[in-house]
Amino acid sequence: MGILELREQVDRQLQEQYRRRRPDDPAVNLRKTLVDELVQLDEEGCEVEAIKAEVLAADALSMDVATVENYLAQLDGLPLRSDFQFEEPSDLAGIQAARPAQRPVPKTDDSDYERRLRGAWIGRCAGCTLGKPVEGWSRGEIRELLDAADIGDLRFYVPYLDPNPTDRAWHPSAVYSAQGRINGVPRDDDIDYCILALEILETYGPGVTTADFGQSWLEMLPYWRVYTAERAAYRNLVLGLPTSEAATTRNPYREWIGAQIRADVLGWVHPGRPEAAAALAYRDAALSHVKNGIYGEMWAAATIAAAFSLDDPLEAVRAGMDQIPANSRLHAALTNTLAWSEEYADWQDAWERVDEAYGHYNFVHTINNACFVVLGLAYGRGDFAATVGIAVECGEDTDCNGATAGSILGATKGAEVVPAEWTEHFHDRVETIVSGIGTLRLSDLIARTAALARGPFAA
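Bear in mind that the values here come from a model prediction, so they are computed numbers and not experimental data. (Residues numbered from 1 in each chain as written. Predicted model: local features only at pLDDT ≥ 70, side-chain atom pairs only at ≥ 80, totals over all residues. Heavy atoms only, no water.)

Student: Mind showing me how you'd approach the nonpolar core here?
Tutor: A general trend in soluble globular proteins is that nonpolar side chains are found buried together. Ranked by internal contacts, the top residues of the largest apolar core, which has 129 residues, are Trp121, Leu201, Trp268, Trp299 and Trp422. Ranked by residues supplied to this core, first place goes to helix 15 (residues 291-307) with 11 residues. If we ignore the near neighbours within four places in the chain, the residues touching tryptophan 268 are Tyr113, Leu117, Ala120, Trp121, Arg124, Cys194, Ile304, Phe308, Ser407, Thr449 and Ala453. (Core = buried A, V, L, I, M, F, W, Y, C linked by side-chain atoms within 4.5 Å. Buried < 20%, exposed > 50% of the residue type's maximum accessible area, 1.4 Å probe, protein only. Helix = DSSP H or I, 4+ residues; strand = E, 2+ residues; numbered from the N terminus. Contact = heavy atoms within 4.5 Å.)

Next up, the structure:
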């Protein structure tokens, strides 16, 4: 048995505890932290083989708290393997020093900004809604559903089939996010973080700090509505740890996708200025992530900012890549995905290469999902339905990928790229769980974003 198989067993053990509504067993939760940390350190290139072998040889599913704590203590400060080829700093100065040469980005046409901003907002909302019913599904499971519905390519909202013809249960949101069931932009954490970012930037302005982001989380986000790295960082803040330790203490999800989905507003308020967008994104991402988790948000924010000045979404992707370390796993994965997109005529063939290289990552990891966003943009060729459809049909974190692809394409092409049938059931209404807010008007969110870009965040 390998470490990934052990992780699946530990996950099932934890799920069974939840299913039976038994009191929390701290040992079960710690076992999950240990196994997830072993996977994470291995991905980061650390010398973890000896400890991993011990854990695999032991009866990991029955380890008590003291044993797990002993193993966790041994994981602190492990060196990198001598054969690890990447250089991945987590401090802003180190990241900026490791970037490739910066390609010039044209100045934004201010008269065109709001048309593109509206495209980015509605593109994000529509792409997110497309992916919600099948969030976490694999490409094969989505294909099975489409075949049962006699659909070739996914080019509109997912049909709700009852009974579900696949072995995979619908995401709980499917009852209000599938085709024919949409009434307003459905609540989703990808949209919640946009709304929260607006609130934070309006309150703190350009001088916002990582600590300000953290304080705002505690004040405005319900704990059970944040996940993986965000939940770990939130817990650490509640326990009184300093902001500088929130991302790195008992947080094996620190390179997963959570920061990347928080990037959009930070790019929207910096049109045509990818470097500024990436620097602001760093302050947000460092609260909960390190290394490629941080790079994911910096790349997404910079890509979105560049998209306001460019007509080709892939050029925006490349401009975003200029803001992250050239010798990082994320930069290498995006470089490879762009190359495979040029090599293969069909996106499915390029997907096979991406899955072969990066399919070992968790379904909500930054790296594999960023590649799926690029596949959508590359093979969508400027068509909104194709772009978000391919990004979602790749599987994994489908709502996040549809949202990011829709935001980038919308900022590149403007609001007219999103067909009316994608937004007619939104009724200018957005739901959120950000505390004290409730239902908002999408048009007001767009206006508030524009006010920030033309006011305190203007060049």
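Student: Explain the state of the cysteines to me, please; I cannot follow it from the model alone.
Tutor: Between two cysteines, a covalent bond joining their sulfur atoms is known as a disulfide. All told, the structure shown has zero disulfides when counted by the stated rule. Cysteine 125 takes part in no disulfide bond, and the closest cysteine sulfur, belonging to cysteine 194, lies 7.3 Å away. (Disulfide = S-S within 2.5 Å.)

Student: What is the right way to read the packing of aromatic side chains from this model?
Tutor: A ring pair, where both rings are aromatic, is described by two values, the distance of the centres and the angle of the planes. Taken as a whole and assessed by the stated rule, the structure comprises 14 aromatic pairs. Centre to centre, the rings of tyrosine 160 and tryptophan 170 are 5.1 Å apart; their planes meet at 15 degrees, and the pair counts as stacked. You can see tyrosine 160 sitting in the loop between helix 7 (139-148) and helix 8 (174-177) and its partner tryptophan 170 sitting in the loop between helix 7 and helix 8, a full 10 residues away along the chain. Residue classification places tyrosine 160 among the partly exposed positions, given a relative accessible area of 23%. By relative accessible area, which is 14% here, tryptophan 170 ends up buried. A cation over a ring is seen here: arginine 139 above tryptophan 351, with NZ or CZ 4.6 Å from the ring centre. Note that arginine 181 overlies the ring of tyrosine 160, its terminal NZ or CZ placed 4.0 Å from the centroid. (Phe/Tyr/Trp six-rings, centres within 6.5 Å; stacked < 30°, edge-to-face > 60°. Lys NZ or Arg CZ within 6 Å of the ring centre and 35° of its normal.)

Student: For this particular structure, what's the right way to read unusual backbone geometry?
Tutor: Outside of glycine, negative phi angles account for most residues, and trans bonds account for most peptide bonds. Cis geometry is adopted by the peptide bond preceding proline 163, which originates at aspartate 162 and carries an omega value of 10 degrees. At threonine 228, a residue that is not glycine, the phi angle is positive and equals roughly 45 degrees. Residue placement: threonine 228 occurs in helix 11 (residues 228-238). One non-glycine residue, histidine 427, adopts positive backbone phi at about 55 degrees.

Student: I would appreciate a short explanation of the environment of glutamine 9 in the present structure.
Tutor: Relative to the helices and strands, glutamine 9 resides in helix 1 (residues 3-19). Classification of glutamine 9 as partly exposed rests on a relative accessible area of 27%. C-alpha separation for the pair glutamine 9 and alanine 120, spaced 111 residues apart in sequence, amounts to 40 Å.

Student: It is not clear to me how the environment of arginine 381 should be interpreted in this structure. Could you clarify?
Tutor: With respect to the helices and strands, the residue arginine 381 is situated in the loop between helix 19 (366-380) and helix 20 (384-393). Judged by relative accessible area, arginine 381 falls into the exposed class, the value being 61%. Sequence-wise, arginine 381 and aspartate 312 are 69 residues apart; in three dimensions their C-alpha atoms are separated by 9.0 Å. Filtering out sequence-adjacent residues up to four positions away, arginine 381 remains in contact with Ala345 and Thr387. Among the polar contacts listed, one links the side chain of arginine 381 to the backbone oxygen of tyrosine 379, at a separation of 3.3 Å. (Polar contact = N/O pair within 3.5 Å; in protein donor to acceptor, adjacent residues only side chain to side chain.)

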